[in-house]
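# Inside the fold
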Amino acid sequence: MTEGSQDVFTYLDEKEAGYLEELKGYLRIPSVSTDPEYKAEVLRCSEFLLGKLEAAGLAAEAIETDGNPLIYAEWTKAEGKPTVLFYGHYDVQPADPVEEWSSPPFEPTEEGDLLVCRGATDDKGQSFTHLKAVEALLETRGELPVNVKFLVEGEEEIGGHGIENFVIEDAGERLACDAVVVSDTSMFAPGQPALLYGLKGLAYMELKVTGPNRDLHSGTFGGAVANPGNALSQIIARLQDPKTGKILVPGFYDDVRPLESWEREEFAKLPFDEKAYRADLGVSELFGEEGYSTLERAWGRPTCDVNGIYGGYQGEGAKTVIPAWAGAKVSMRLVPDQDPGKIARLFSDYVQEIAPAGVEVEVSDLHGAEPVLIDIQGPIADAAMVAQEQTWGARPVRVREGGSIPIVATFAKVLNVPILLIGHGLPDDRLHAPNEKFNISQFYKGIRTIVRLLDEVGETA
Ligand code: BES
Ligand code: ZN
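Now for a look at the structure at hand. (Residues numbered from 1 in each chain as written. Chains lettered and ligands numbered in written order. Predicted model: local features only at pLDDT ≥ 70, side-chain atom pairs only at ≥ 80, totals over all residues. Heavy atoms only, no water.)

Before going further, it helps to spend a moment on the coordination of the zinc ion (ligand 2). Binding of the zinc ion (ligand 2) to the protein goes through His89 (NE2), Asp122 (OD), Asp184 (OD) and Asp184 (OD), at separations of 1.8 to 2.5 Å. Bound by 6 donor atoms, the zinc ion (ligand 2) shows angles of 54 to 163 degrees at the metal and therefore irregular coordination geometry. Read in sequence order, the donor residues for the zinc ion (ligand 2) give the motif H-x32-D-x61-D. Of this pair, histidine 89 sits in strand S3 (residues 83-89) while aspartate 122 sits in the loop between strand S5 (114-116) and helix H3 (124-141), and the two are 33 residues apart along the sequence. On the basis of relative accessible area, aspartate 122 is assigned to the buried category, the value being 4%. (Donors = N, O, S within 2.8 Å, 3.2 Å for Na, K, Ca; no water. Tetrahedral: all angles 85-135°; square planar, octahedral: opposite > 155°, others 65-115°. Helix = DSSP H or I, 4+ residues; strand = E, 2+ residues; numbered from the N terminus. Buried < 20%, exposed > 50% of the residue type's maximum accessible area, 1.4 Å probe, protein only.)

Right under this line is the structure:
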């Protein structure tokens, strides 16, 4: 154990329950970025965070963007020491479907070791560990072993570009650092930490299929006009080969960087229990691209999925109608070196080409994110591994992830420093779903991991 962190841990023994209560205050603010109705709450949440950073002893400010404000803070009095930039996001996904929550989605509820609330793990709870680790260090010692900067955004969940412009413009001075730390991912398993080296990118599309100028009686007009619901289904059915799992958009795989043999070997060695995975998800069989294992599919191969389908009668009972329109949201998860803009164009062209006669199809590109692979070598990455190992008693595994954190690709391009994706979450945290949770023990240990990390990084040359 790092001798040097013990003073802070003793302080944390007293303080961590209070930190949990503060986290609950943060979670109670429904900062849903995708829905304009929550705009005021998103702003209130940014102010709450700003106040917490100031109270921790940092100089903090809100930075205006075209969208939700960025919160920036720093403490840079450790002369000659490395600088760590913490990234996180204070926005959350919508709570829908609200009726499936076992407690109100924005009322943090303790269930044993679990703290259930939207944003509990993604990303308020996880990124709060950064803030509280820094606060505990400052309270205990009056100084930090390294310099720290915080950049917390409010549009991660909607792929907003405000942060990107800021990072590109201010990377030289304000964001100059020796490492970026992100806690917005999961450990590989309980007790088994992970240091990630890859995130997927994204191309998020919306399809709208329109037919007749009004809803029609399905008996009177059925068989005489193209049904937008049928047409949409026909399009969707041609996105993926049902046997091989291959995506059928022409050119989709052209720029895919194949998994390297060392990656396939490493993934195969991981203690992944496919049966338990199936049981946890409640599916009788897994499905994906032919020729790849489940972990390879999830982490290293591109995908295409319907996120929502709508149109026509959705109420109770039966209503005989041919809907005037039908729509779907479709996302493609991308791997290096696929380009989100190019993939969006290939998708649109293909959909127009296969659109059935008698309907109009409108395809829009809602947002995108670039895939990224990160180089995690060197003394700072080693320091992170040591910090994780000391907390969890197991050496972190190097893995990739199927989710996206859009700004990470920009960090990788413009900052040119190691990016440490150190998640304290667990694979069953239910991100984006009802009953999202964060284990309280993970929250506490996450804070200690970050304390250790800062102490370890402070020791590097
Ligand atoms: N925290 C997630 C990313 C993530 C998901 C990491 C699962 C590890 C496991 C992040 O907040 C997220 O959900 N990002 C969005 C970004 C998108 C909207 C551009 C995502 O991946 O859907
Ligand atoms: Zn997140």
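Having seen it, we continue.
With that settled, the discussion passes to the nonpolar core. In terms of nonpolar packing, the biggest core is built from 99 residues, with Val148, Leu151, Val180, Phe411 and Leu420 touching the most fellow members. Apart from the residues within four sequence positions on either side, leucine 151 is in contact with Leu70, Ile71, Tyr72, Leu85, Phe86, Tyr87, Gly88, Ile163, Phe166, Val167, Leu175 and Phe411. Counting 27 residues, the second largest nonpolar core, distinct from the first, contains Ile247, Phe252, Met332 and Val363. (Core = buried A, V, L, I, M, F, W, Y, C linked by side-chain atoms within 4.5 Å. Contact = heavy atoms within 4.5 Å.)

Now for the packing of aromatic side chains. Tallied over the entire structure, the rule returns 12 aromatic pairs. Ring centres 5.2 Å apart and planes at 90 degrees place the aromatic pair phenylalanine 252 and tyrosine 253 in the edge-to-face group. Overall, phenylalanine 252 belongs to the buried group, its relative accessible area being 1%. An angle of 65 degrees between the planes, with centres 5.0 Å apart, marks the rings of phenylalanine 272 and tyrosine 277 as edge-to-face. Judged by relative accessible area, which is 25%, phenylalanine 272 ranks as partly exposed. Among the aromatic residues, those joined into a ring-pair cluster are Tyr26, Phe48 and Phe128. (Phe/Tyr/Trp six-rings, centres within 6.5 Å; stacked < 30°, edge-to-face > 60°.)

Attention now moves to the site of ligand 1. The environment of ligand 1 is made up of 15 residues, and the closest members are Glu156, Asp184, Arg333, Ser404 and His432. Here glutamate 156 contributes a side-chain N or O atom positioned 2.8 Å from an oxygen atom of ligand 1. One of the side-chain N or O atoms of histidine 432 is found 2.8 Å from an oxygen atom in ligand 1. Against a free-state accessible area of 510 Å², the protein chains account for coverage of 90% of ligand 1. Residue composition of the shell around ligand 1, grouped by class: 3 nonpolar, 6 polar and 6 charged. (Near = heavy atom within 4 Å. Polar contact = N/O pair within 3.5 Å; in protein donor to acceptor, adjacent residues only side chain to side chain. Areas by Shrake-Rupley, 256 points an atom, 1.4 Å probe, with all protein chains shown as cover. Nonpolar A, V, L, I, M, F, W, Y, C, P; charged D, E, K, R; others polar.)

Mapped onto the elements, proline 340 comes out in helix H9 (residues 340-354). Residue proline 340 is classed as buried on the basis of its relative accessible area, which comes to 11%. Remark: the alpha-carbon pair of proline 340 and leucine 202, spanning 138 residues in sequence, is separated by 6.2 Å. Every residue in contact with proline 340, bar those within four places of it in the chain, is listed here: Leu202, Ala203, Leu334, Gly368, Ala369 and Glu370.

All right, on to the sheet that holds S5 then. Whether parallel or antiparallel, the strands of a sheet pair through hydrogen bonds between backbone atoms. Ordered by their spatial adjacency, 3 strands build an open sheet running S4-S5-S18, and the pairing between neighbours is antiparallel. Each end of this open sheet is capped by a strand with a single partner; those strands are strand S4 (109-111) and strand S18 (437-439). For this sheet, the mean angle separating the axes of adjacent strands, direction not counted, is 30 degrees. By the bridge criterion, 3 bridges tie S4 to S5 in an arrangement that is antiparallel. Note that in S5 the partner of glutamate 110 across the bridge is leucine 115. Strand contacts of helix H1 (residues 6-27): S4 and S5, with the helix running at about 20 degrees to S5, the strand carrying the most contacts. (Pairing = 2+ DSSP bridges. Axes fitted to C-alpha atoms, helices over the stretch in contact; angles between N-to-C directions.)

This brings us to a nonpolar patch on the surface. On the surface, Tyr277, Leu281 and Val283 cluster together into a nonpolar patch covering about 240 Å² of accessible area. One can find tyrosine 277 in helix H7 (residues 274-281). Judged by relative accessible area, tyrosine 277 falls into the partly exposed class, the value being 32%. (Patch = residues over 30% accessible without salt bridge, like charges linked within 9 Å, V, L, I, M, F, W, Y side chains within 5 Å. Salt bridge = Lys/Arg side-chain N within 4 Å of Asp/Glu carboxyl O.)

The subject of this paragraph is the pattern of salt bridges. Under the criterion given, the structure shown has 26 salt bridges. Lysine 24 is the salt-bridge partner of glutamate 110, the closest N and O atoms lying 2.7 Å from each other. Note that glutamate 110 is positioned in strand S4 and lysine 24 in helix H1, a separation of 86 residues in sequence. For aspartate 170, the salt bridge is made with arginine 174, and the minimal N-O distance between the two is 3.7 Å. Residue class for arginine 174 comes out partly exposed when judged on its relative accessible area of 26%.

Further remarks concern helix H2 (residues 39-55). Between its first and last C-alpha atoms H2 spans 25 Å; for 17 residues at 1.5 Å apiece the expected length is 24 Å, and the two agree. Of all the positions in H2, only Val42, Cys45, Ser46, Leu49, Leu50, Lys52 and Leu53 are classed as buried. Burial along H2 is one-sided: seen end-on, the buried residues are contained in an arc of 165 degrees. H2 presents Ala40, Glu47 and Ala55 as exposed residues on the side facing more than 90 degrees away from its buried surface. Considering only its buried residues, H2 is in contact with H1, strand S1 (59-63), strand S2 (70-75), H3 and strand S6 (147-153). (Expected span 1.5 Å × (residues − 1). Arc of directions from axis to C-beta.)

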